[in-house]
4 protein chains.
Amino acid sequence: MVGIGIVGAGRMGQLHAVNFAGHTAKSRVVAVADENPELAGRLAGQYGAAAFGKYQDLIEDDRVDALCICTPVFTHKEISLAALAAGKHVLCEKPLALTLDDALAIHQAAEKAGVVFQVAFMRRFDEAFVTAKEKIKAGTIGRPVFVRSTGRDPGLPPVPGWGSDPDACGDISFELCSHDYDSIQWLLDSDIKSVFARAGILSSVEVAKSCGGKMINDTLVVTAEFENGALGSIDGLLNIKYGYDARVEVVGDEGIIMIGNVRHLDVITGKADKHMTYPAAPSFTDRFVHAYVTEARHFVDCILEGRKPVVGSLEGLKAVQVALAVNDSIKKGSVAQVK
Amino acid sequence: MVGIGIVGAGRMGQLHAVNFAGHTAKSRVVAVADENPELAGRLAGQYGAAAFGKYQDLIEDDRVDALCICTPVFTHKEISLAALAAGKHVLCEKPLALTLDDALAIHQAAEKAGVVFQVAFMRRFDEAFVTAKEKIKAGTIGRPVFVRSTGRDPGLPPVPGWGSDPDACGDISFELCSHDYDSIQWLLDSDIKSVFARAGILSSVEVAKSCGGKMINDTLVVTAEFENGALGSIDGLLNIKYGYDARVEVVGDEGIIMIGNVRHLDVITGKADKHMTYPAAPSFTDRFVHAYVTEARHFVDCILEGRKPVVGSLEGLKAVQVALAVNDSIKKGSVAQVK
Amino acid sequence: MVGIGIVGAGRMGQLHAVNFAGHTAKSRVVAVADENPELAGRLAGQYGAAAFGKYQDLIEDDRVDALCICTPVFTHKEISLAALAAGKHVLCEKPLALTLDDALAIHQAAEKAGVVFQVAFMRRFDEAFVTAKEKIKAGTIGRPVFVRSTGRDPGLPPVPGWGSDPDACGDISFELCSHDYDSIQWLLDSDIKSVFARAGILSSVEVAKSCGGKMINDTLVVTAEFENGALGSIDGLLNIKYGYDARVEVVGDEGIIMIGNVRHLDVITGKADKHMTYPAAPSFTDRFVHAYVTEARHFVDCILEGRKPVVGSLEGLKAVQVALAVNDSIKKGSVAQVK
Amino acid sequence: MVGIGIVGAGRMGQLHAVNFAGHTAKSRVVAVADENPELAGRLAGQYGAAAFGKYQDLIEDDRVDALCICTPVFTHKEISLAALAAGKHVLCEKPLALTLDDALAIHQAAEKAGVVFQVAFMRRFDEAFVTAKEKIKAGTIGRPVFVRSTGRDPGLPPVPGWGSDPDACGDISFELCSHDYDSIQWLLDSDIKSVFARAGILSSVEVAKSCGGKMINDTLVVTAEFENGALGSIDGLLNIKYGYDARVEVVGDEGIIMIGNVRHLDVITGKADKHMTYPAAPSFTDRFVHAYVTEARHFVDCILEGRKPVVGSLEGLKAVQVALAVNDSIKKGSVAQVK
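Residues numbered from 1 in each chain as written. Chains lettered and ligands numbered in written order. Predicted model: local features only at pLDDT ≥ 70, side-chain atom pairs only at ≥ 80, totals over all residues. Heavy atoms only, no water.

**Observations concerning the overall build of chain A**
To be explicit about the condition: The way it works is that DSSP assigns letters per residue, a run of H or I at least four long becomes a helix, a run of E at least two long becomes a strand, and they are numbered from the N terminus. Radius of gyration here uses only the C-alpha atoms, and the compact-globule reference equals 2.2 Å multiplied by the residue count raised to the power 0.38. Relative accessibility decides the category of a residue: with a 1.4 Å probe and only protein chains considered, values under 20% of the type maximum give buried, values over 50% give exposed, and everything between is partly exposed. In this analysis, two residues are considered to be in contact whenever any of their non-hydrogen atoms come within 4.5 Å of each other. Only the protein chains shown count as cover for residues, and the accessible areas themselves come from Shrake-Rupley with a 1.4 Å probe. For the purpose of counting charges, residues Lys and Arg are taken to be positive, whereas Asp and Glu are taken to be negative. His and the chain ends are not included. Throughout, a charge is located at the NZ atom of Lys, the CZ atom of Arg, the CG atom of Asp or the CD atom of Glu.
Looking only at helices and strands, one finds 13 helices and 15 strands in chain A. Against the compact-globule benchmark of 20 Å for 339 residues, chain A has a radius of gyration of 20 Å, which places it among compact chains. For chain A, the proportion of its 339 residues judged to be buried stands at 64%. Restricting to contacts in chain A with at least 6 residues of sequence separation, those with at least 24 account for 71%. Within the structure as shown, chain A displays about 11500 Å² of accessible surface, and the carbon and sulfur contribution to it stands at 51%. Looking at chain A, you have 35 positive and 42 negative side-chain charges, and the mean spots of the two groups are 3 Å apart.

**Focus: the relation of the copies chain C and chain B**
As a reminder, the rule being used: When the copies are overlaid, the least-squares fit takes in C-alpha atoms only where the residue has pLDDT of at least 70 in both copies.
Superposing chain C onto chain B takes a rotation of 180 degrees plus a shift of 0.0 Å along the axis, which leaves an RMSD of 0.0 Å. One copy is carried onto the other by what is essentially a two-fold rotation axis. Rotation axis and chain C: the residue whose C-alpha lies nearest the axis is S334 of chain C, separated from it by 3.0 Å. Of the residues that chain C buries at the interface, 100% are likewise interface residues in chain B, meaning the two copies contact each other through the same surface.

**Re helix α1 (residues 11–22) of chain C**
Within an α-helix, residues lying three or four positions from one another point in the same direction, as the helix has 3.6 residues per turn. Where we set the bar: In this analysis, the expected span of each helix is defined as 1.5 Å times one less than the number of residues it contains.
In this model, α1 of chain C (12 residues) spans 16 Å end to end at C-alpha, consistent with the 16 Å of a helix rising 1.5 Å per residue. Of the positions making up α1 of chain C, those classed as buried are M12, G13, L15, H16, A17, N19, F20 and A21 of chain C.

**A closer look at the side chain of R287 of chain A**
By the secondary structure assignment, R287 of chain A is in helix α11 (residues 284–287). Among all residues touching R287 of chain A, those that are not within four sequence positions of it are D126, F129, Y244, A246, G260, H264 and A281 of chain A.

**Description of the UniProt feature "domain: Gfo/Idh/MocA-like oxidoreductase C-terminal" (unreviewed entry) in chain A**
Threshold: UniProt positions are given in the numbering used here, feature names are shortened, and annotations may be inferred rather than shown by experiment.
Under the local residue numbering, the UniProt record ascribes the feature "domain: Gfo/Idh/MocA-like oxidoreductase C-terminal" (unreviewed entry) to residues 133–335 of chain A. Regarding residues 133–335 of chain A, the helix share stands at 35% and the strand share at 29%, and the terminal C-alpha atoms are separated by 28 Å.

**Side note on the UniProt feature "domain: Gfo/Idh/MocA-like oxidoreductase N-terminal" (unreviewed entry) in chain A**
With numbering aligned to this structure, UniProt lists the feature "domain: Gfo/Idh/MocA-like oxidoreductase N-terminal" (unreviewed entry) at residues 3–121 of chain A. Measuring from the first to the last C-alpha atom of residues 3–121 of chain A gives 21 Å, for a span that is 44% helix and 22% strand.

**What to know about the domain arrangement of chain A**
Residue and element names in this part refer to chain A. Worth spelling out the cut-off: For each domain, the first and last residues come from an automatic or database assignment. Here's the idea: put two parts together, see how much 1.4 Å probe accessible area each one loses, and the total over both is what we call buried area.
Assigned domains of chain A: these are domain 1 (2–121 + 292–309) and domain 2 (124–287 + 317–337). Its C-alpha centre places domain 1 at a distance of 25 Å from the equivalent point of domain 2. Interface of domain 1 and domain 2: buried area, both sides summed, is about 1800 Å²; carbon and sulfur atoms make up 73% of it. Looking at the side of domain 1 facing domain 2, the largest losses of area belong to K94, L98 and F121, adding up to 34% of the total buried there.

**As for the sheet that holds strand β5 (residues 89–92) of chain D**
Strand pairing in a sheet takes place through backbone hydrogen bonds and is either antiparallel or parallel in direction. Residue and element names in this part refer to chain D. Put simply, the test is: Here, a strand pair is defined by DSSP locating no fewer than two bridges between the strands. Axes here refer to lines fitted to C-alpha atoms; in helices the fit is confined to the stretch in contact. Angles between the N-to-C directions go from 0 to 180 degrees.
Spatial ordering of the open sheet is given by β3-β2-β1-β4-β5-β6, a layout of 6 strands whose pairing is parallel. Here the strands that pair on one side only, and so sit at the sheet edges, are β3 (50–52) and β6 (117–119). Neighbour-to-neighbour, the strand axes of this sheet turn through a mean angle of 20 degrees, independent of strand direction. Note that strand β2 (residues 27–33) and β3 share 3 bridges and pair parallel. By the bridge assignment, A33 is partnered in β3 with F52. The strands that helix α2 (residues 37–46) touches are β1 (2–7), β2 and β3; relative to β3, the one it contacts most, it runs at about 165 degrees.

**Topic: the environment of R152 of chain B**
Residue and element names in this part refer to chain B. Stated precisely, the cut-off is as follows: Here a polar contact means two N or O atoms within 3.5 Å. Within protein one must be a hydrogen donor candidate and the other an acceptor candidate, and residues neighboring in sequence count only if both atoms are side-chain atoms.
Mapped onto the elements, R152 comes out in strand β7 (residues 144–153). The class for R152 is buried, based on a relative accessible area of 0%. C-alpha of R152 to C-alpha of S283: the two residues are 131 residues apart in sequence and 9.6 Å apart in space. Reaching out from R152, the side chain makes a polar contact with the side chain of Y242 at a distance of 3.0 Å.

**Some remarks on unusual backbone geometry**
Residue P95 of chain C is reached from K94 of chain C by a cis peptide bond, and omega for that bond is -15 degrees. With respect to the secondary-structure elements, P95 of chain C resides in the loop between β5 (89–92) and α5 (100–113). Residue P160 of chain D follows V159 of chain D across a cis peptide bond; omega there is -5 degrees. As for its position among the elements, P160 of chain D is in the loop between β7 (144–153) and α7 (166–169). For D171 of chain A, which is not glycine, the phi torsion reads 65 degrees and is therefore positive. Position of D171 of chain A relative to the elements: it lies in helix α8 (residues 171–175).

**Looking at the packing of helix α5 (residues 100–113) of chain A against helix α13 (residues 313–332) of chain A**
All names here are of chain A. To keep it simple, the criterion reads: Should an angle fall under 35 degrees it is called roughly parallel, over 145 degrees roughly antiparallel, and 65 to 115 degrees roughly perpendicular, with every other angle called oblique.
At a minimum axis distance of 9 Å, the contact between α5 and α13 shows a crossing angle of 170 degrees. In terms of orientation, α5 lies roughly antiparallel with respect to α13. Of α13, the residues touching α5 (which contributes L100, A103, L104, H107, A110 and E111) are S313, L314, L317, V320, Q321 and L324.

**Focus on the environment of L15 of chain A**
Examined against the element boundaries, L15 of chain A turns out to sit in helix α1 (residues 11–22). Residue L15 of chain A is classed as buried on the basis of its relative accessible area of 14%.

**Concerning the packing of helix α6 (residues 127–137) of chain A against helix α9 (residues 178–188) of chain A**
Residues and elements named next belong to chain A. Note the following rule: Here the term charged refers only to Asp, Glu, Lys and Arg, the term nonpolar to Ala, Val, Leu, Ile, Met, Phe, Trp, Tyr, Cys and Pro, and the term polar to all other amino acids, Gly among them.
Axis separation between α6 and α9 bottoms out at 9 Å; the angle between their running directions is 30 degrees. The pairing of α6 with α9 is recorded here as roughly parallel in orientation. Note on element contacts: α9 touches α6 through S183, W186 and L187, opposite F129, V130, K133 and I136. Within the contact of α6 with α9, the residues separate by chemical class into 5 nonpolar, 1 polar and 1 charged.

**Structural notes on the packing of aromatic side chains**
To describe a pair of aromatic rings, you give the distance between the ring centres and the angle between the ring planes. Stated formally: Aromatic pairing here means that ring centres of Phe, Tyr or Trp (its six-membered ring) are within 6.5 Å. Orientation follows from the plane angle: under 30 degrees is stacked, over 60 is edge-to-face, and everything else is tilted. As a reminder, the over-ring test applies to NZ of lysine and CZ of arginine, requiring each to be within 6 Å of the ring centre and within 35 degrees of the ring normal.
What the rule picks out here adds up to 28 aromatic pairs over all chains. Taking the centre distance of 3.7 Å and the plane angle of 15 degrees together, the rings of F196 of chain B and F196 of chain C count as stacked. Residue F196 of chain B is located in strand β8 (residues 192–200), and its partner F196 of chain C is located in strand β8 (residues 192–200); the two belong to separate chains. Pairing F20 of chain C with F299 of chain C gives two aromatic rings, centres 6.0 Å apart and planes at 70 degrees, and the pair type is edge-to-face. Remark: F299 of chain C occurs in helix α12 (residues 289–305) and F20 of chain C occurs in helix α1; sequence separation between them is 279 residues. An identical accessibility class is assigned to F20 of chain C and F299 of chain C; each is buried. Here a set of aromatic residues connected by ring pairs shows up, and it is made of F129, Y244, F284, F288 and Y292 of chain A. We note R287 of chain C situated over the ring of F288 of chain C; from NZ or CZ to the ring centre the distance is 4.3 Å.

**Side note on the side chain of R124 of chain B**
Position of R124 of chain B among the secondary structure elements: in the loop between β6 (117–119) and α6 (127–137). Judged by its relative accessible area of 9%, R124 of chain B falls in the buried class.

**A short note on the interface of chain A and chain D**
What counts here: We define a salt bridge as a contact between a side-chain nitrogen of Lys or Arg and a carboxyl oxygen of Asp or Glu at a distance within 4 Å.
On the chain D side, the residues contacting the 40 residues of chain A number 43 residues. With both chains or domains summed, chain A and chain D bury close to 3200 Å², and 63% of this area falls on carbon and sulfur atoms. Linking chain A with chain D are 9 salt bridges. Between R247 of chain D and E249 of chain A there is a salt bridge whose closest N-O contact spans 2.7 Å. Where chain A meets chain D, there are 16 residue pairs in polar contact (both at pLDDT 80 or more). Looking at the side of chain A that touches chain D, the elements with two or more residues in it are β7 (144–153), β8 (192–200), β9 (219–226), β10 (231–238), β11 (245–252) and β12 (255–259) of chain A. Here the residues of the side of chain A that touches chain D sort into 17 nonpolar, 11 polar and 12 charged.

**Regarding the confidence of the model for chain A**
What counts is decided by this rule: Confidence per residue, as judged by the predictor, is encoded in pLDDT with a range of 0 to 100.
In this model, chain A carries a mean pLDDT of 97, and residues with pLDDT of at least 70 account for 100%. Interface confidence for the predicted complex, expressed as ipTM, amounts to 0.97; the pTM equals 0.97.

**Examining the pattern of salt bridges**
One pass over the structure, following the stated rule, counts 103 salt bridges over all chains. Each of the salt bridges in this network shares a partner with another, and the network as a whole consists of R148, R152, D235, D245, R247 and E249 of chain A together with R148, R152, D235, D245, R247 and E249 of chain D.

Structure follows, in structure tokens:
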């Protein structure tokens, strides 16, 4: 039985808590830390866990075997390093960090600590993504030459809030598209070498006005070149209303694999307007509900069985490198190398 | 160049006229006959054709090589026999007739006349149906063991009117489901031997009241047994609002083929209600718009090349036999043999 | 924490054990009983549970709060009654029983015992089915007039074996289509009044020969009339190779709802043969993998919170009544009333 | 009746000839010109048309009311100008020209001539594209902010041949993606202002070797910025084997419209490998078979009714401008302005 300490009792903390507490038999939520004592208390209360105001208290708690870090990205380094120093396993929300230095520091500490360090790229556990990865690896489509990744969120992170403040969240490149960077490098088994990116506030003009224009970009288009010569195209869109939409197409020299679907449930309704209607996923938590459960189980299994997670600090670091290059390219208006 | 005479200037007459006049280079609409002189005149006027009040005048017109019979089913025998006696080719709307005697009389006259006699089962020319037929014939699904045919129309034939009067139109079994009888006998390459059927007025209760209850049934469910041992299930529904819906599934001992889709166009719209929407076919003329064109071309080509059409009087007769057995089964509440 | 005793360590026992042991935090598998000591031992061993040869030993074990009955249907009454008499909660696999007397006896005992008695109609917990039920209830499609239920299994129950012996399993009507009977009565909120059914061995002719012809029918077509006047059509097919296929369409006087899809995962592959390919569900355990987890959690929650399950002995009894009428109709070749 | 002269008796000439001769009643193919007398003779023979070796002879033929120009792009200017000077109507295959000067010269001549000059962007006549355009115009998705256009061809233009020679065909930007440039400028009702593009030979490495490397790029990724501020992403791929694939997604600040589908026909086959299979369009002629017919009819109707076609020389010019900017961006590795 693995004792989980949730750091950050917001949306992601609540989601992970449900899975660690209720959807796996081998873990328990034993502690919750949040600067907001009410949030910490409420979440802890649901699972009979201890509530703390500081993550340090949680690290010092012997019942806590592993931390699930669900705080803003700019806190990841401090908390990860403290946890690793105390020998705790870590499941860290994405993105890993906002700077190369921070990401490297975490990665090196994780490697050294010899515990389980997993980054919460939940697409790695989605059955469709996993099946596609296997098929690509098996040569079904030949050699991959092009990948298209679509990542769209119907809403915006809370405005105002750190998640919509480009400086605090790393802009849309970090906040939304880290998932795409990780998935396509994984699917193609090759790293992104250079990028060209354009971004703008297009669908949220009114919202941006309301916060003086200092807002996350809601539209991002990236052209990526991979080490293996393949080309990629990513579109990341926020505030597009219709649903959470994560789809990837990988084209090889012998065929194609298409992953995902806007359709969330196989329930189609038809009415006298002569149109058929089906639900899109309202949010990423709906789209990836089962992937999050599998992710939690994988983390627990890796801890109990001494295994390395399929997506660790190195993959977190690589996504940070691409996210930085994308922001660099946006700023200078030309191609940026991934370092 | 084949001169076409349209008999019956209503909905079907108009549809066929467009195709013979505008969508094939080898035929012209040279005459239109309708008891309603205004309808005849209007349709004839569009194509520079002669307008007649009686079909006999049209048959006597030398410019008319072929009749396209689009009048109510109870007139098919008289007009067909007269046309065949005059050596005219015939494209006859479905169903062929309402009684076995009438259908047989037409079939025998057609066989004897040695001209082209085609029945307007347009599904025979739909690309999806044709492709499926070829696959079944090629053994793709092994030996067919079950077929399910869904035929649904969003509306009702005009009420009052002959098409909604069960005595005049042969009820839903003739009016709607002849298409299903013909398609599945064709797809399975086997005739239906016996049927069990249930029918009722379920979705049009208010409409039925308005015409004193003497109305076509709007719901029909048929279980069919084929000569080759396969079983079949047909549902024919009228007034179901959401669109014209024609789908067939053929299951064999090695697989399945599914034909058709409620989706009419590949245009999907998503909005803030988190639902995606696509159009269904508003009517059979939309669903089978291309099949009707191919049907017209096939008829013209058969005339010009002296070929036998792929769906003739025999197939029309066989569908009548099933339609009769279905009505018989509904009446007596038990299994009826197809004679 | 609810202590679960699994009775029957075969396929279904193993499936439920995984869910009770691993996918909910509030239950444990504490005991397994199977006449085959090796099977019992192996399954029990996975969860650190006690292994028994007789279900009676399991009932006498104080750690066991609830029984999950996964034995052949003809044992359900004896085990259920014994468990209920001992005050144990019961999750009983479908169908509930093979005779009206047995089903009634179980239902009455369950009502009297005042514990949780749930029947394993897992479709009740499938997100698509549940969403559709809510929409129908909310009036989205108006008044239901027709329902079509498709239940198809790619394989056959083991031959020889009780599951393929029509006398031991109740034939395809009980073995496969109980799910359909339950779902459509639930979706339409109306009971089936009468049925007409045809069945045969069509896709498994060779297999049937190998066991002397005494084999479960592999094809069943049912026409159902509901108390509320609606009509229904069910096709249940075994050994159809292509995948597990459970789809339902409910047509109302204002629209339609379509539930389910042959597509199992959103992974589409295209190759040089110019065809696109996607996976069907290999078996019902894949198709309903998440529904089974939700079912297990519902059972545990009902026990812990003293609630009545959404699908209990009454629903199990009703499905048995329809299954009996269907078999009756097949035998006599005419309509049978549901009693 | 419009007399059509086909210039160029290759693949496109044959396709247009079928439509003008057989699928509209108001036009005839009266002449065919091709430098290859055998090709010209064979095509002309099918329609009882005159065969010529030079387009000039065809222009001088009085029976020819309109030219359908299906020769290589580098001949478009000369033939168009000669035809327009002779007062002939023109349907010109895409792209209009390879240089801005040529495109401008054609456009100006067309404007001056006052006849019908239509460019063969057949997507403008595809029912799905047209429906989507209407919905966007009606405000269904709010203000468009992003468009993604996918244009993929399963094969390569003949190698060796002018269509695979980047200098002769304008590379993939002209040869394949002109369609995308035109469609998205039309759908968004805004011109593309600047582009960033990457291209390469990725799926055809072996073929390229066989012709010494001087071959059309098979992969093109374009980021586009529109005058109205929207962003766009285009992927154009050749030799991707699985089928002809033309899909567009337009995202607005209130929703999305998705156009097209890899599925070509609604025929789904399932087999014992537990996979379902449906056909992709083998080529653009299959994907747009009905659009090409509508295009031909539109051209003929515009001539007969003295109307301006919905897609003329100006639209052809605009697509050339984007195609040039894309090639410019590829060459210099940075953003290029559309002039």
